[in-house]
Amino acid sequence: MGWFRRSKFAFDTILKNTIGNSNPKVNQRSSSIPCSNRFEISGFALSSPIIRNSGFELGLKQNPHTSFAIGTRRYYYVDRYRVQHFRPRGPRRWFQNPRTVLIVVLVGSGAFITVYFGNLETVPYTKRKHFVILSKNLERQLGESQFQQMKREFKGKILPAIHPESVRVQLITKDIIEALQRGLSHEQVWSDLGYGSESAGTHESSGHETLKALSESAEGKWHREDEILDDKWVQESRKKGQDRGSATGHLEGLNWEVLVVNEPVVNAFCLPGGKIVVFTGLFTHFRTDAEIATIIGHEVGHAVARHVAEGITKNLWFAILQLILYQFIMPDLANTMSALFLKLPFSRRMEMEADYIGLLLIASAGYDPRVAPKVYEKLGKVTGDSALRDYLSTHPSGKKRSQLLAQAKVMEEAMAIYREVQSGQGIEGFL
């Protein structure tokens, strides 16, 4: 064993001389290896030249708890002062990198601005700007699908195209659609008004022939070349309409159809794509053509303003807001607050906007707009008005709708259009 003791003595002497002269540079502020906590591996100091020459300075550090074992390795980098800095373990989160955060914010903001302003439209007549993310083609497809579903649902209750009530509704609707056509700021190709019978495809020719035979009257019919534009306000409106051509793009090439359902329901609606459904329950309470025109004009106003597509877009934002509120308050309370302060006020606003558009439509179609306030007041009595309806319902009360339409400024605008039509001058481009 003498050779072992002599070898150990020589090895300890060399090690003592080597370690005694080592003085590692450690940055007390930024280095992750402080002097007081310096690790030792099997008697060798971490700062020893032997350790540095054994590969640690290349960026690898052995696990201090397992001497010279192939275990977990931790990476670090060495700065220009030869101070070792360990990298944090695990993947680095993207928000911990300021450069990545800046790129995400810039790209996200650009995408949001592009989508928002790319889908920002101006509502005809009211000139209100709204954000609609639903495409026009998809909106039409939704209307067509729902219209076919209603045909199947009310099968056997749909009045034929030659029924007197069906013919009456078709003629009133035809007047309103032609008024809307005259109001557009550019030429369009409009299909003839059709009647949506139960059997699709077989009703078109008979419905068109019946409507053509009943509406062939040159008296009181004015063409574009006969219309006179002498109102400064009309010309300004036409100029605005030309600047905002996308506002009426969804109305181009619509296949307008009317469906009269024999149901004692006081209701009517217009689906996207120009599909109008009227229930015979309306005829019990509203007997004159002007009253029926007021209700149909209101429903067409929804289609003109793309309220269905706007409602889908708004509901998407409301759903996102509700998910955020769920993190702080109870879901039931969040749903109630969303309905009371967001969904219902928005729905009532759309109804009042459709009232205004419908008022101008019936006036341009030759129907007395002064009938409209009385119609909504009567409708409120039929459906049951209450003091809370202006706050807890999707529709404003009939009394409030009547008061808004009877206001001097709104009614004067409609009466000016009505007088022009009655005098034979007509209105073109008042959108």
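The structure we're discussing is the one just above.
All values derive from a computational prediction rather than experimental measurement. Along each chain, the written sequence defines residue order, and numbers are assigned to residues from 1. For this predicted model, a pLDDT threshold of at least 70 governs which residues receive local features, and a threshold of 80 or more governs which side-chain atom pairs are given and counted, while totals over whole chains, interfaces and linings are taken from all residues. With hydrogens and water set aside, each side-chain value is computed from the structure's full complement of heavy atoms.

1. Regarding the overall build of the chain
Note the threshold: The way it works is that DSSP assigns letters per residue, a run of H or I at least four long becomes a helix, a run of E at least two long becomes a strand, and they are numbered from the N terminus. Methods summary: accessible areas were calculated by the Shrake-Rupley approach with a probe of 1.4 Å, and residue burial reflects only the protein chains presented.
Each helix and strand in the chain was counted, giving 15 helices and eleven strands. Of the roughly 25,000 Å² that the chain leaves accessible, carbon and sulfur atoms contribute 56%.

2. Thoughts on the packing of aromatic side chains
Two numbers describe a pair of aromatic rings. These are the distance of the centres and the angle of the planes. Note the following rule: Here the aromatic set is Phe, Tyr and Trp, taking the six-membered ring for Trp, and pairing holds for ring centres within 6.5 Å; pairs whose planes are under 30 degrees apart are stacked, those over 60 apart are edge-to-face, and all others are tilted. Three exposure classes are used, based on accessible area relative to the maximum for each residue type with a 1.4 Å probe and protein chains only: buried under 20%, partly exposed in between, and exposed over 50%.
Enumeration over the complete set of coordinates arrives at six aromatic pairs. When the ring of F112 is compared with that of Y116, the centres are 6.1 Å apart and the planes differ by 15°; the resulting orientation is stacked. In this pair, F112 and Y116 are both assigned in helix α3 (residues 98-118), four residues apart and thus about one turn of the helix distant. Under the relative-accessibility criterion, Y116 is labelled partly exposed at 31%. Centre to centre, the rings of F131 and W317 are 6.4 Å apart; their planes meet at 50°, and the pair counts as tilted.

3. Some thoughts on the pattern of salt bridges
Worth spelling out the cut-off: In what follows, salt bridge is the name for a side-chain nitrogen of Lys or Arg lying within 4 Å of a carboxyl oxygen of Asp or Glu.
In total, this model carries 15 salt bridges according to the counting rule given. Across the pair R306 and E139 runs a salt bridge, and its minimum N-O distance is 2.8 Å. One end of the pair, R306, is in the loop between α9 (289-304) and α10 (307-325); the other, E139, is in helix α4 (residues 136-153), with 167 residues separating them in the sequence. What you see here is one network of salt bridges that share partners, running through E121, K136, E139 and R306.

4. Some details on the packing of helix α11 (residues 331-364) against helix α14 (residues 398-405)
To describe two helices that pack against each other, one gives the angle between their axes and the distance between the axes. This is how the line gets drawn: For helices, the fitted axis covers only the stretch in contact; all axes are lines through C-alpha atoms, and the angles between them, taken along N-to-C directions, range from 0 to 180 degrees. Our angle categories are set so that under 35 degrees counts as roughly parallel, over 145 as roughly antiparallel, 65 to 115 as roughly perpendicular, and the remainder as oblique. Here a crossing is called left-handed whenever its near helix is offset anticlockwise from the far helix by less than a right angle, and right-handed whenever the offset is clockwise. Any pair of residues with heavy atoms lying within 4.5 Å of one another is described as a contacting pair. Residue polarity is assigned by list, with Asp, Glu, Lys and Arg as charged and Ala, Val, Leu, Ile, Met, Phe, Trp, Tyr, Cys and Pro as nonpolar; anything else, Gly included, falls into the polar class.
In contact at an axis separation of 11 Å, α11 and α14 are set at 45° when each is read in the N-to-C sense. By the angle between their directions, the pair α11 and α14 is classed as oblique. With respect to the hand of their crossing, α11 and α14 are arranged in right-handed fashion. Residues E351, M352, D355, Y356 and L359 of α11 pack against K400, R401, L404 and L405 of α14. Grouping the constituent residues of the contact of α11 with α14 by class yields five nonpolar, no polar and four charged.

5. Quick notes on a nonpolar patch on the surface
For clarity, the cut-off: Patch criteria: residues need more than 30% relative accessible area and no salt bridge. Like-charged residues are merged within 9 Å; nonpolar side chains of Val, Leu, Ile, Met, Phe, Trp and Tyr are merged within 5 Å.
A contiguous nonpolar surface patch, about 1,200 Å² in accessible area, is contributed by F112, I113, V115, Y116, F117, I133, L316, W317, I320, L321, I324 and F328. Looking at the nonpolar patch, the elements with two or more residues in it are α3 and α10. Of note, F117 is situated in helix α3. F117 gets classed as exposed once you look at its relative accessible area, which sits at 55%.

6. Observations concerning the pairing of strand β11 (residues 275-279)
Definition in use: Paired strands, in this sense, are two strands between which DSSP finds at least two bridges.
The element β11 is largely enclosed, with a buried count of five among its five residues. Burial along β11 is two-sided: K275, V277 and F279 and I276 and V278, pointing in opposite directions, are all buried. Across five bridges, the pairing between strand β9 (residues 257-261) and β11 is parallel. Its bridge partner being in β11, L259 is matched across the sheet by V277. Following strand β10 (residues 268-271), the chain reverses through three residues before pairing antiparallel with β11; G273 in that reversal takes a positive phi of roughly 95°.

Nothing here speaks to function; it is geometry throughout.
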